[in-house]
Amino acid sequence: MAEVNLAQALTGALDTALEADGRVVLLGEDIGRAGGVFRITDGLQERHGRDRVIDTPVAESGIVGAAFGMAIAGMRPVAEIQFMGFSYPAYDQIINHVARIRNRSSHRFTAPMVIRMPYGGGIGAAEHHSESTEAIYAHIPGLKVVVPSSPRDARGLLLAAIEDPDPVIFLEPIRLYRAVKEDIPDIYFKTDIGPVRVERPGDDLSLISWGAMMKETRQAATALEAEGVSVEVIDVRTLAPLDRDGLVASAEKTGRVVVVHEAPLTGGLGGEIAATIAERALYSLLAPVERVAGWDTIFPLKRSERHYLPSVGRIVAAAHKTLET
């Protein structure tokens, strides 16, 4: 066992995967000699060689296209996009080729590849560095979309993603990289892609979130528990495929639901979760599903970040609204 933060858990997972499987290669901008913009690949090129940890030109479409070619040739590439906001030049490759190859080839080919994307705000970054557009990728059939919120899940989900026979968009909450530590075993273990995690069981209200917003969601749950509210906290973890059964089960149990995400409200995954619960658990609901999200604006620069990101106060207020209905 070792106490590590989320960033260290990811580094350890990549190191373990490179050691365990010669088909695994890493590629991306500055991931080799510089160790990546967030130092997730620090030391891995020195340990595994330049043919396994590959520095690329600044060309996201080329990075994903090269990884795709490697994947259909039998390798297990892990491509890094420095920030989610930089992924859009690669969107054509992702939706037209990576996501479609199994269907296009009648299952003769798959794309066993991972595309790592640091995402989200809260660190005072410049424009295009704080995007939270996970719904774009979760909307595309053929892609799996995974978001860890703890060091244990970061390691287990990344190792599972590398082994997966299909492409996985692996989103890494920037704000959580070094925010919390956890004891995790330094062994090869996987966390199943798909199921939600019931982080805290409860009876009166379900708080559902993922990624960096789990921090505020946990704090809101603690505040509500102090008021005597029994709160169930759900970490979605996998945005595609969505564990609808797990989400509905929580809604049926508590009857009240608040969904929290930092992406803009309109078109966010919270809407899909609310619709699923309305379709399958309507008669169990004691109040409408509430959503707490970012505003429908471009993510602001540093001075306004705190006004944009959902706060503990906004989550608690939404919870009170459902409890008073």
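You'll find the structure just up there.
Here the structure is a predicted model, which is why all the values come from computation and not from measurement.

1. A look at helix H10 (residues 269-281)
Residues lying three or four places apart along an α-helix face the same way, a consequence of the helix completing one turn every 3.6 residues.
Here is step 1: Taking 1.5 Å of rise per residue, 13 residues should cover 18 Å, and H10 covers 18 Å from first to last C-alpha, within 8% of that figure.
Here is step 2: In the core, the buried residues of H10 are packed alongside helix H6 (134-138), strand S10 (205-209), strand S12 (238-240), helix H9 (244-254), strand S13 (257-264) and strand S14 (290-294).

2. Regarding the pairing of S14
Both faces of the sheet carry side chains from a regular strand, because those side chains alternate between them.
Here is step 1: For S14, a buried count of four out of five residues is recorded, marking the element as mostly surrounded by other parts of the structure.
Here is step 2: In the classification by handedness, the crossover that spans S13, the intervening H10 and the parallel S14 is right-handed.

3. Brief notes about the packing of helix H1 (residues 6-20) against helix H7 (residues 151-163)
Here is step 1: Here H1 crosses H7 at 30°, and the two axes come no closer than 8 Å. Classed by the angle they form, the pair H1 and H7 counts as roughly parallel. Crossing hand, H1 versus H7: right-handed. Here H1 contributes Leu6, Ala9, Leu10, Gly12, Ala13, Leu14, Thr16 and Ala17 to the contact with H7, which in turn contributes Pro151, Ala154, Arg155, Leu158, Leu159 and Ile162.
Here is step 2: Here the contact of H1 with H7 is built from residues that sort into 11 nonpolar, two polar and one charged.

4. Considerations on the pattern of salt bridges
Here is step 1: As enumerated under the stated definition, the model contains 19 salt bridges in all.
Here is step 2: For glutamate 216, the salt bridge is made with arginine 175, and the minimal N-O distance between the two is 2.8 Å. Of the two residues, glutamate 216 sits in helix H8 (residues 214-226) while arginine 175 sits in the loop between strand S7 (168-173) and strand S8 (181-184), which places them 41 residues apart along the sequence. This pair shows no difference in class: glutamate 216 is buried, exactly as arginine 175 is.

5. Things to note about the sheet that holds S14
Here is step 1: Strand order in this open sheet of five strands is S9-S11-S10-S13-S14, and the pairing throughout is mixed. Looking at strand neighbours, the two that pair on one side only are strand S9 (197-200) and S14, the edges of this open sheet. Averaged over all pairs of adjacent strands, the angle between their axes in this sheet comes to 25°, without regard to strand direction.
Here is step 2: As judged from the five bridges shared by S10 and strand S11 (residues 231-235), these two strands associate in the parallel manner. When the sheet's bridge partners are listed, serine 206 is paired in S11 with glutamate 232.

6. Observations regarding empty space enclosed by the protein
Here is step 1: The final tally for this structure, using the stated rule, is one cavity of 30 Å³ or more.
Here is step 2: Here the largest cavity is characterised by a volume of approximately 40 Å³.
Here is step 3: If you go around the largest cavity, the residues you meet are Tyr119, Ser132, Glu134, Trp210, Gly211, Ala212, Met213, Val260, His261 and Glu262.
Here is step 4: Residue contributions to the lining of the largest cavity peak at three residues, all from S13.

Quick notes on the rules
- Residues numbered from 1 in each chain as written.
- Predicted model: local features only at pLDDT ≥ 70, side-chain atom pairs only at ≥ 80, totals over all residues.
- Heavy atoms only, no water.
- Helix = DSSP H or I, 4+ residues; strand = E, 2+ residues; numbered from the N terminus.
- Expected span 1.5 Å × (residues − 1).
- Contact = heavy atoms within 4.5 Å.
- Buried < 20%, exposed > 50% of the residue type's maximum accessible area, 1.4 Å probe, protein only.
- Right-handed = clockwise from strand over helix to strand, strands pointing away.
- Axes fitted to C-alpha atoms, helices over the stretch in contact; angles between N-to-C directions.
- Parallel < 35°, antiparallel > 145°, perpendicular 65-115°, else oblique.
- Left-handed = near helix turned anticlockwise from the far one by under 90°.
- Nonpolar A, V, L, I, M, F, W, Y, C, P; charged D, E, K, R; others polar.
- Salt bridge = Lys/Arg side-chain N within 4 Å of Asp/Glu carboxyl O.
- Pairing = 2+ DSSP bridges.
- 1 Å grid on protein atoms, 1.4 Å probe; cavity = no way out; pocket = protein on both sides within 12 Å on 5 of 7 lines; lining within 4 Å.
- Points joined across faces, edges and corners; volume = space filled by probe spheres on them.

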